[in-house]
Amino acid sequence: MQNSEIAKAFFDLANLLDIKGENPFKVRAYKNAARVIEGLGESIEKMVHEGEDLTKLPGIGKEIAKKIQELVTTGKLKKLEKVKKEVPPTLLDLLSIEGLGPKKVHELYTKLGITNLKELQEAAKKHQISKLRGFGAKTEEKILKGMHLLKQEGIRFLYAVAKPIAFNLKAYLLKAPTIIKVVIAGSFRRAKETVGDLDILATAKEPALVIDYFTQYPDIIEVVVAGDTRATVVLKNMLQVDLRVVQDKSFGAALQYFTGSKDHTIALRNMAIDMGIKMNEYGVFKGNKLLASKDEIEVYKSIGLCYIEPELRENRGEIEAAAKNALPKLITLQDIKGDLHMHSTFSDGIETIKTMAQKAKLLGYEYIAISDHSASLAIAKGVDEKKIQSYIKEIETTEDEVGIKIFKAMEVDILEDGSLGASKEILEQLDFAWAAIHSKFKLDKTTQTKRILKALQNPFVKGIAHISGRIIAKREPMQLDYETIFTFLAKEGKFLELNAQPERLDVTDVYAKKAKEMGVKFVINSDAHSSKQLEFMEFGINQARRGWLEAKDVINTSSLKEIEALFN
Ligand code: DGT
Ligand code: CA
Ligand code: CA
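Numbering of residues starts from 1 in each chain and follows the order in which that chain's sequence is written. The lettering of chains begins at A and the numbering of ligands begins at 1, in the order of writing. Only residues with pLDDT of at least 70 get local features here, since the model is predicted, and only at 80 or more are side-chain atom pairs given and counted; chain-wide, interface and lining totals rely on the full set of residues. Side-chain numbers here rest on the full set of heavy atoms in the structure, without hydrogens or water.

A few words on helix α1 (residues 3–20). Every helix listed is a DSSP run of H or I at least four residues long, and every strand listed is a run of E at least two residues long, numbered separately from the N terminus. Given the number of residues in a helix, its expected span is that number minus one, multiplied by 1.5 Å. Compared with the 26 Å implied by 1.5 Å per residue over 18 residues, the 26 Å span of α1 between its first and last C-alpha is a close match. Type-normalised accessible area, obtained with a 1.4 Å probe on protein chains alone, sets the label of each residue: buried when under 20%, exposed when over 50%, and partly exposed for intermediate values. Across the 18 residues that make up α1, a large majority, 14, are buried. G21 lies just past α1 and shows a positive phi near 90°.

Adjacent strands of a sheet form backbone hydrogen bonds with each other and so pair up, either parallel or antiparallel. Within the open sheet, the three strands sit side by side as β8-β9-β10. Their pairing is antiparallel. Looking at which strands have only one partner, the edges of the open sheet turn out to be β8 (278–280) and β10 (289–292). Along the sheet, successive strands turn relative to each other by an average axial angle of 30°, direction set aside. The pairing criterion is simple: DSSP has to find at least two bridges between the two strands. Bridge analysis of strand β9 (residues 283–286) against β10 gives three bridges, and the strand direction is antiparallel. Directly across from F285, in β10, lies its bridge partner L290. Fitting a line to C-alpha atoms yields each axis, with helices limited to the stretch in contact; the angle taken between N-to-C directions then spans 0 to 180 degrees.

Only a single heavy atom is needed: when it lies within 4 Å of a molecule or strand, its residue is near that molecule or strand. What surrounds ligand 1 is a group of 16 residues, the closest being R156, S187, R190, G196 and D197. S187 is positioned such that a nitrogen or oxygen atom in its side chain is 2.5 Å from an oxygen atom of ligand 1. Residues adjacent in sequence count toward polar contacts only when both atoms are side-chain atoms; beyond that, a polar contact is any pair of N or O atoms within 3.5 Å, and within protein one must be able to donate a hydrogen and the other to accept it. One of the side-chain nitrogen or oxygen atoms of D199 is found 3.0 Å away from an oxygen atom of ligand 1. Its atoms largely coinciding with the cavity grid, ligand 1 occupies the second largest pocket. Secondary-structure elements contributing two or more residues to the shell around ligand 1 are α11 (186–189), α13 (251–259) and α14 (262–274). Its residues placed into classes, the shell around ligand 1 shows four nonpolar, seven polar and five charged. Method remark: on a 1 Å grid restricted to protein atoms, a set of points is classed as a cavity if a 1.4 Å probe fits but cannot get out and as a pocket if it is open with protein on both sides within 12 Å along at least five of seven lines; lining residues have an atom within 4 Å of a point. Put plainly, a molecule is in a cavity or pocket when over half of its atoms are within 2 Å of the grid points there. Note on residue categories: nonpolar means Ala, Val, Leu, Ile, Met, Phe, Trp, Tyr, Cys or Pro, charged means Asp, Glu, Lys or Arg, and polar means any other residue, Gly included.

Moving on, we come to the packing of α1 against helix α7 (residues 102–112). Following both chains from N to C, one finds α1 and α7 inclined at 55°, their axes separated by 7 Å at the closest point. With respect to each other, α1 and α7 are oriented oblique. The interaxial crossing formed by α1 with α7 has right-handed handedness. In this structure, α1 contributes N15, D18, I19 and K20 to the contact, and α7 contributes P102, K103, V105 and H106. To sort the angles, those under 35 degrees are grouped as roughly parallel, those over 145 as roughly antiparallel, those from 65 to 115 as roughly perpendicular, and the leftovers as oblique. Handedness of a helix crossing follows the sense of rotation of the near helix relative to the far helix, less than a right angle counterclockwise being left-handed and clockwise being right-handed. Any two residues whose heavy atoms approach within 4.5 Å are treated as being in contact.

Looking now at empty space enclosed by the protein. Gaps left between atoms show up when a probe the size of a water molecule is rolled over them. Grid points are joined across faces, edges and corners, and a volume is the space filled by probe spheres set on the points. Evaluated as defined, the whole model comprises one cavity of 30 Å³ or more. If you add up the space inside the largest cavity, you get close to 30 Å³. Along the walls of the largest cavity sit Y159, A191, K192, E193, L505, F539, N542 and Q543, which together make up its complete lining. Taken together, the residues of the lining of the largest cavity break down into four nonpolar, two polar and two charged. Counting the residues that make up the lining of the largest cavity, at least three belong to each of domain 2 (157–246) and domain 4 (333–567). Throughout, the edges of the domains are those of an automatic or database domain assignment.

This brings us to the packing of aromatic side chains. Aromatic pairing here means that ring centres of Phe, Tyr or Trp (its six-membered ring) are within 6.5 Å. Orientation follows from the plane angle: under 30 degrees is stacked, over 60 is edge-to-face, and everything else is tilted. Inspection of every chain in the model, using the stated rule, returns 19 aromatic pairs. Both rings, one in Y159 and one in F539, keep their centres 6.0 Å apart while their planes meet at 70°; by these two values the pair is edge-to-face. Placement of the pair is Y159 in helix α10 (residues 159–173) and F539 in helix α23 (residues 537–546), with a sequence separation of 380 residues. Ring centres 3.7 Å apart and planes at 15° place the aromatic pair Y482 and Y511 in the stacked group. With Y482 in helix α21 (residues 482–492) and Y511 in helix α22 (residues 509–517), this pair connects stretches of sequence that are 29 residues apart. By relative accessible area, Y482 is classed as buried at 9%.

So, on to the pairing of β9. Summarising the sheet, β8 and β9 pair through three bridges and their orientation is antiparallel. Bridge pairing in β9 places N280 opposite G283. If you look at the hairpin formed by β8 and β9, you'll find two residues sitting between the two strands. Following β9, the chain reverses through two residues before pairing antiparallel with β10; G287 in that reversal takes a positive phi of roughly 60°.

This paragraph deals with the environment of K462. Considering the arrangement of structural elements, one finds K462 in strand β15 (residues 461–464). For the pair formed by K462 and E492, sequence separation is 30 residues and the distance between their alpha carbons is 9.4 Å. K462 has contacts with F432, A433, W434, K494, F495 and F567, leaving out every residue within four places of it along the chain.

On to the pattern of salt bridges, then. Any carboxyl oxygen of Asp or Glu that lies within 4 Å of a side-chain nitrogen of Lys or Arg is treated as forming a salt bridge with it. Here the structure, examined in full by the defined rule, presents 35 salt bridges. In this structure, K516 and D553 form a salt bridge, with 3.1 Å as the shortest nitrogen-oxygen distance. Taken as a pair, K516 in helix α22 and D553 in the loop between α23 and α24 (560–567) lie far apart in primary sequence, 37 residues in all. Ionic contacts of the salt-bridge type, sharing partners, join the residues R190, E314, R316, D509 and R546 into one network.

This next bit is on the coordination of the calcium ion (ligand 3). Protein-derived ligands of the calcium ion (ligand 3) are D197 (OD), D197 (OD), D199 (OD) and D242 (OD), with the metal-ligand distances lying across 2.2 to 2.9 Å. In this listing, donors mean N, O and S atoms no farther than 2.8 Å from the metal, or 3.2 Å for Na, K and Ca; water is missing from the atoms, so a site can look incomplete. Here the donor residues of the calcium ion (ligand 3) share one chain and are spaced in sequence as D-x1-D-x42-D. The distance between the calcium ion (ligand 3) and the calcium ion (ligand 2) is 3.8 Å, with D197 acting as a donor to both metals. Taken together, the positions of D199 in strand β4 (residues 198–204) and D242 in strand β7 (residues 240–246) put the pair 43 residues apart, joining distant regions of the chain.

What follows is about the layout of surface pockets. Size it by volume and the second largest pocket reaches roughly 400 Å³. Put simply, the parts of the chain that give the lining of the second largest pocket at least two residues each are α11, α13 and α14. Ranked by the residues each element gives to the lining of the second largest pocket, the list is headed by α14, at four residues. Tallied by class, residues from the lining of the second largest pocket come to three nonpolar, seven polar and seven charged.

All right, on to the coordination of the calcium ion (ligand 2) then. Here the calcium ion (ligand 2) is held by the protein donor atoms D197 (O), D197 (OD) and D199 (OD), which lie 2.1 to 2.9 Å from it. The geometry test gives tetrahedral to four donors whose angles all lie between 85 and 135 degrees, gives square planar to four donors and octahedral to six donors whose opposite members are over 155 degrees apart with all other angles between 65 and 115, and gives irregular to the rest. Bound by six donor atoms, the calcium ion (ligand 2) shows angles of 68 to 162° at the metal and therefore irregular coordination geometry.

Structure follows, in structure tokens:
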């Protein structure tokens, strides 16, 4: 269980109690604890398993420590389950609307019986809210506007969050009456790091039956529109889903259209117009003659292009490249032979080196690197002079035991002045190190660039990890002179990490493409903090494909022999 999940349980508990109108001191205590847990560098789960005393953490008393223990060991919090029976948990969704705190939600619930976002919207439309004491017309307007924001420009969903939702919906739709095909199109198919909404394309004998079936999906809170061939709905978590159902014979043309991007499709259409050809979601036409419609390969061929992979469809040169038959042969997950950045219980990972190695072996990898943090980090206890010997010994023993090559590595912190958070004596004992920034993200561009270049000059450092430091929708990327850094990497034969954590995906697609053009070589790493997270590699591959990378651009597609030669 991640710290964020534990924190969320306490936030939910605090907010529900607050909405219920309970003792404010209790509410505050739970909220404080949630904040502490959220910001903690160490894994709470690990602390519990190791029998550490949680009450030494700020804001965690005996009672809360016991609850954490319960949550980690049983996966549940009895108190939270109980409160959820007393107040509808969907009230928590109301808190995401600007201007609505627990006190106001309490009023809406007790006075108007509102229990979810949909009922809130209906009450606002009927002007019931402005009649409540302490609310007024302004609040009502705000609520309607807030709903609109949430739905329209509001939250984009991480690809990794949208994926299971999309797959469940697809499985559901495949059971619809007269259904033939179901594809998740739009930005999801292009594997963008975040998606604004899901666009589903289906083909069926009787589209209206599919639409009807779709609108009965249990997770829907609002059906925005439902016609004979299209519907738009909002799910309980506020993700919008558009469904289009077409005849099977227009599948290719429709899929091309709904996959987008809009810029890509418009550029294609303009190109077609110059050839006297008309393209739309029903097909490609010359005069009245249908040139193509049933599959995408045919659609692209009809305008003189080879098939363009969805990840490339952003109008960034892919159309010109397709016309010259010069598209890259994109990397796939199967090309990956090892994972060179992951953590264990030696720093902030939650599993042992052995568990990590066993999972890597299960994934079919030939090699991995254990790369725990250096000890300079305040947030995560790392490998210092005292721990380095046991770290190395543990890696060597595990290598023999599990039967997979394990490189001895480290994610070394880059300090403010560009020096490293580990001594030469430590680094000498390792196979290599990745350098990474974990603090002072706001230095100016020149200083920040110099800081990274200085760290990269160290001979033990083989590359830069999560170069921009961004956390999607949470932390802005650092100001950097990418060109200078890429030039240095290419010249020195050092590597640019593409970090596959779904909230990082750092380096971005655009900069990956640029770096590749400048001759930089990449390493795609999961940066896993648990064995499950080794599966994040998939998201790194998505981003790599969007950045036009081929297997030959990425070092961890190499065999163990080749990799060993690289690091020697
Ligand atoms: P998103 O949802 O913001 O992550 O991005 P998309 O690309 O999924 O965009 P969305 O959901 O607005 O539309 C889905 C696809 O439908 C889009 O990729 C291309 C197509 N599309 C939407 N509007 C237009 C348009 O005005 N012109 C053309 N040619 N295609 C459009
Ligand atoms: Ca979309
Ligand atoms: Ca859409």
